[in-house]
Amino acid sequence: MKISYNWIKDFIKLDLPAEKVGEILTDLGLEVEGIETFESVRGGLKGIVVGHVLECEKHPNADKLSVTKVDLGNGNIVQIVCGAPNVAKGQKVPVATIGTTLFDSEGKPWQIKKGKIRGEESFGMICAEDELGLGSSHEGIMILDQSLEAGTPCSKVFNVETDEVFEIGLTPNRADAMSHFGVARDLRAGLLQQEINKEVMTPSVNDFFIDNRTLKIDVQVENKELIPRYCGVTISNVKIAPSPTWLQNRLRAIGLTPKNNVIDITNYVLHEFGQPLHAFDALRISDKKIIVKTATEGQKFKTLDDVERTLHSDDILICDSQKPICIAGVLGGINSGITENTTHIFLESAYFNPVAIRKTAKRQGINTDASFRFERGIDINNCKYVLLRAAAMIKKIAGGEISSEVIDFYPKKQEDFQVFLTFDKVDKLIGQHIPQNTIKSILRSLDIQINSSTERGLGLTIPSYRVDVQREVDVIEEILRIYGYNNINFSTKVNATMAHSSKLDDFNVQNIIAQQLTAQGFFEIMSNSLTNVEYANLSEHIVQENNVKILNPLSNDLAVMRQTLLFSGLEALEYNLNRKRTDLQLFEFGKSYYQQEGNYFEKKHLCLFVTGNKSTETWNIPTQKTDFFLLKGYVTSIFERLGFINLQEKPTDNKALQEGISFWINNQKLADLGVVKKSILKYFDIKQEVIFADIHWDIVLKNITSNIILKEIPKYPAVRRDLALLIDEKISFKELYQIAFETEKKLLKNVSLFDVYQGNHLPKGKKSYAMSFTIQDDSKTLTDKQIDKIIANLQEQFSAKTGAELRQ
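These numbers were taken from a predicted model, which means no experiment stands behind them.

One pass over the full model with this rule turns up 0 disulfides. Looking at the unpaired Cys82, the closest cysteine sulfur is the one in Cys56, lying at 7.5 Å. Take Cys383: it sits in no disulfide, and the sulfur closest to it among the cysteines is that of Cys231, at 5.4 Å. Classification of Cys383 as buried rests on a relative accessible area of 0%.

With numbering matched to this structure, UniProt assigns "domain: B5" (unreviewed entry) to residues 414-490. Within the segment residues 414-490, helix and strand shares are 39% and 22% respectively, and the terminal C-alpha atoms sit 41 Å apart.

Spatially, 3 strands are ordered E25-E27-E26 in an open sheet, and the strand pairing comes out antiparallel. A single partner strand is all that each edge strand has here, and the edge strands are strand E25 (417-422) and strand E26 (449-453). The sheet shows a mean angle of 25° between the axes of neighbouring strands, direction not considered. Note that E26 and strand E27 (residues 457-462) share 4 bridges and pair antiparallel.

In the UniProt entry, the feature "domain: TRNA-binding" (unreviewed entry) is given for residues 42-155. Strand forms 37% of residues 42-155 and helix 5%; the C-alpha atoms that close the span are 11 Å apart.

An ideal rise of 1.5 Å per residue puts 20 Å on 14 residues; helix H5 (residues 180-193) measures up with 20 Å between its terminal C-alpha atoms. Within H5, 12 of the 14 residues are buried, which leaves it mostly tucked inside the rest of the structure. Those residues of H5 that fall on the buried side of the exposure criterion are His180, Phe181, Gly182, Val183, Ala184, Arg185, Asp186, Leu187, Arg188, Ala189, Gly190 and Leu191. By the N-cap criterion, in which a side-chain oxygen at the helix start approaches the backbone nitrogen of a residue two or three places on, H5 is capped by Ser179, the distance to Gly182 being 3.0 Å. Within two residues after H5, Glu195 carries a phi angle of roughly 60°, on the positive side.

Now for the nonpolar core. The biggest cluster of nonpolar side chains holds 115 residues, and the ones touching the most others in it are Tyr230, Ile318 and Phe352. A total of 11 residues in this core trace back to one element, the largest contributor, which is helix H10 (residues 383-398). Grouped together as the second largest cluster of nonpolar side chains are 58 residues, Val509, Phe522, Ile691 and Leu748 included.

What follows deals with the side chain of Gln585. Along the chain, Gln585 turns up in strand E31 (residues 584-596). A polar contact of 3.3 Å, which involves the side chain of Gln585, links it to the backbone oxygen of Gln520. Setting aside its immediate chain neighbours within four residues, Gln585 contacts Gln520, Gly521, Phe522, Phe523, Phe609, Val610, Leu630 and Tyr634.

Moving on, we get to unusual backbone geometry. For Asp306, which is not glycine, the phi dihedral falls at a positive 65°. Residue placement: Asp306 occurs in the loop between strand E17 (300-302) and strand E18 (308-310). Given the relative accessible area of 48%, Asp306 is considered partly exposed. With phi around 65°, Lys580 is a residue other than glycine that occupies positive phi space. Of note, Lys580 is situated in the loop between helix H15 (566-577) and E31.

Along strand E36 (residues 690-696), 7 of the 7 residues are buried, which leaves the element largely enclosed by surrounding structure. Side chains Val690, Phe692, Asp694 and His696 of E36 all project onto a buried face; the interleaved residues Ile691, Ala693 and Ile695 project onto the opposite face, where all are buried too. Bridge count between strand E32 (residues 599-611) and E36: 7 bridges; the pairing is antiparallel. Counted as the bridge partner of Leu608 is Ala693 from E36.

In total, this model carries 26 aromatic pairs according to the counting rule given. Note on Trp246 and Tyr268: the rings are 5.7 Å apart at their centroids and 90° apart in plane angle, and the pair reads as edge-to-face. Here Trp246, found in helix H6 (residues 245-253), pairs with Tyr268, found in helix H7 (residues 261-273); they are 22 residues apart in sequence, far enough to count as distant. According to the relative accessible area criterion, Trp246 is partly exposed, its value standing at 40%. Under the relative-accessibility criterion, Tyr268 is labelled buried at 3%.

Conventions and cut-offs
- Residues numbered from 1 in each chain as written.
- Predicted model: local features only at pLDDT ≥ 70, side-chain atom pairs only at ≥ 80, totals over all residues.
- Heavy atoms only, no water.
- Disulfide = S-S within 2.5 Å.
- Buried < 20%, exposed > 50% of the residue type's maximum accessible area, 1.4 Å probe, protein only.
- UniProt positions renumbered as here; feature names shortened; annotations may be inferred.
- Helix = DSSP H or I, 4+ residues; strand = E, 2+ residues; numbered from the N terminus.
- Pairing = 2+ DSSP bridges.
- Axes fitted to C-alpha atoms, helices over the stretch in contact; angles between N-to-C directions.
- Expected span 1.5 Å × (residues − 1).
- Polar contact = N/O pair within 3.5 Å; in protein donor to acceptor, adjacent residues only side chain to side chain.
- Core = buried A, V, L, I, M, F, W, Y, C linked by side-chain atoms within 4.5 Å.
- Contact = heavy atoms within 4.5 Å.
- Phe/Tyr/Trp six-rings, centres within 6.5 Å; stacked < 30°, edge-to-face > 60°.

Written out as structure tokens, the structure reads:
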């Protein structure tokens, strides 16, 4: 928010440097992020002086040039070559002296230097108005008043205004400071604490009076809950024209472009008092009637920006008897605004429900100065005063007559908040005793009325413009803000408390594994928990009905909470792959969210993504693609680091993976890992294989233990046998896994898949699985005969139930 220092001085007379005022405002919580200098004429006409043309002769070597002798004051006479056709002896002209910086039409600076033009020396430049930034004419040089003395700075002749503009980072709760008057009001309270007593002067509206009653506009408000106050007045016979220079300078200083006198006045008063206004062309209001009501669901309306918008049933509209003319508090309609042909206006000042305006602005994607203020809450008791202020300014600047009574729909006056402040609570929250007289002084400087005073505390009335101060703690915050955070003493003694922290706490375990993964070449990513609603259609393991939906989403891409970290990780891979980073190892700690039958759940995960090559290509080592077993090794090393033993491997049921396994412990699934389906990769335009692991971190933390379990080494050895099976490509590892344990329930300890092959050397529709079987008897050593019998039974069952053949 931009605040003009000159404008502030209209309310509170100050002669402090802008930097000092900026420090005070920052201490008050209105953080000044920067101070810029504004000049009504770029460069401030520095180096431009009044010159008196003593001589003017034709240039000996050029028909269109003149050689002049110009008095620059104090006997300083210089020669200047001029190309203007209207230069003549005896004129008073603006002269840019040597070293002066001027600006071209694009705003680029250039400097006046001593030069020689067609053989004649020139020591300056006689300027046209466009060269000085005073206009657009370039037909000839400017001719100044003959009464001016040579050498007079042109900045004094043209009343160049210089201003200091504060850029304030306003917090959303400070609706009261969204204006120059509000900032001045706060500044007064801050100055009082430095024993600088200044009064804030409010512009008088005594010059407002009704000239006639020839243009009456009837107002009908249909919903007093959404529109608790609505004021208006008509002004006839106005003349639309450019605003006065002083008004244009005020608007330009804060970054606004002047339009015309009526619109500029409404913008001026908006930034003066924080109350939005709207001026309608009264002759365009059908039947001279204004109706304030909510829209019909799906109703169409074209706004000032020439966009046709679809309205919601909660949107507030300003209508005439036939049509809507404005979205209340947000943006006007395309056919209701002020034009150069406007002669009669209806001026509106109102208070609209902040929540309703916020929702409308959000739905329509509109952010205006008016909606910005209405959303945060304006002073409902200021509506009429600001209307009178603006109407009187329009009458003075644009002419015209006040042609109606002031309409003021205010059926239920809003009562000010009542708060009781206890002195003990002030000392307790601030941590330091503040004298009662100081507290009372601060409260009065903030316009907080003291109704009663006891030894225990104060009964207070909060002014209506402080919509953010409704509780005792809010009042204490205000006291501390004005008293000054820098004035609160603090101890130089450092106290430290050693909190008990278990090595098994989530953050400690997470740090251990994160450090391990980064040492193995992984990069950690952090992605948004909000995701695209369409992702639920990519995999069967995501249920659309279980999505946790956002009530007011920014876009469809951020409409639901994620049920899996897979898709956000693939977004990160896609982003890097598009920038030619093809060898990637990423991991992320994050949560997934879902709801069932009205109950909401969240689970924590550690997800790993591997794609591309295992290592960088070198001259003596060929590149090798990452594969499933590389990621399996990483996942296994994590579990080993956490002390997990006797993990079970089972086929995965994760529908996002085309091949994979899962790790189990104590009948709980620890992780799924495998190759991401090509259909999912295609959606993200990823053309290389991606191996993904999803570790269920909540299960990890539940099963991790600091206890060391000692177990006797088996006396009898385990035996491993491998089989290479040629099977139908539709057969999954999960089916073979189940058949194996159904066949040998006693001695078979583990089944794992260590190779999958599909290629030209196999029959069509077939694939090769290389599987290992671990067999062990805890009571005796197995014989070859027993082992061969078990393997033969397994092979027989695989063949009978899946048609598997032993691959030679």
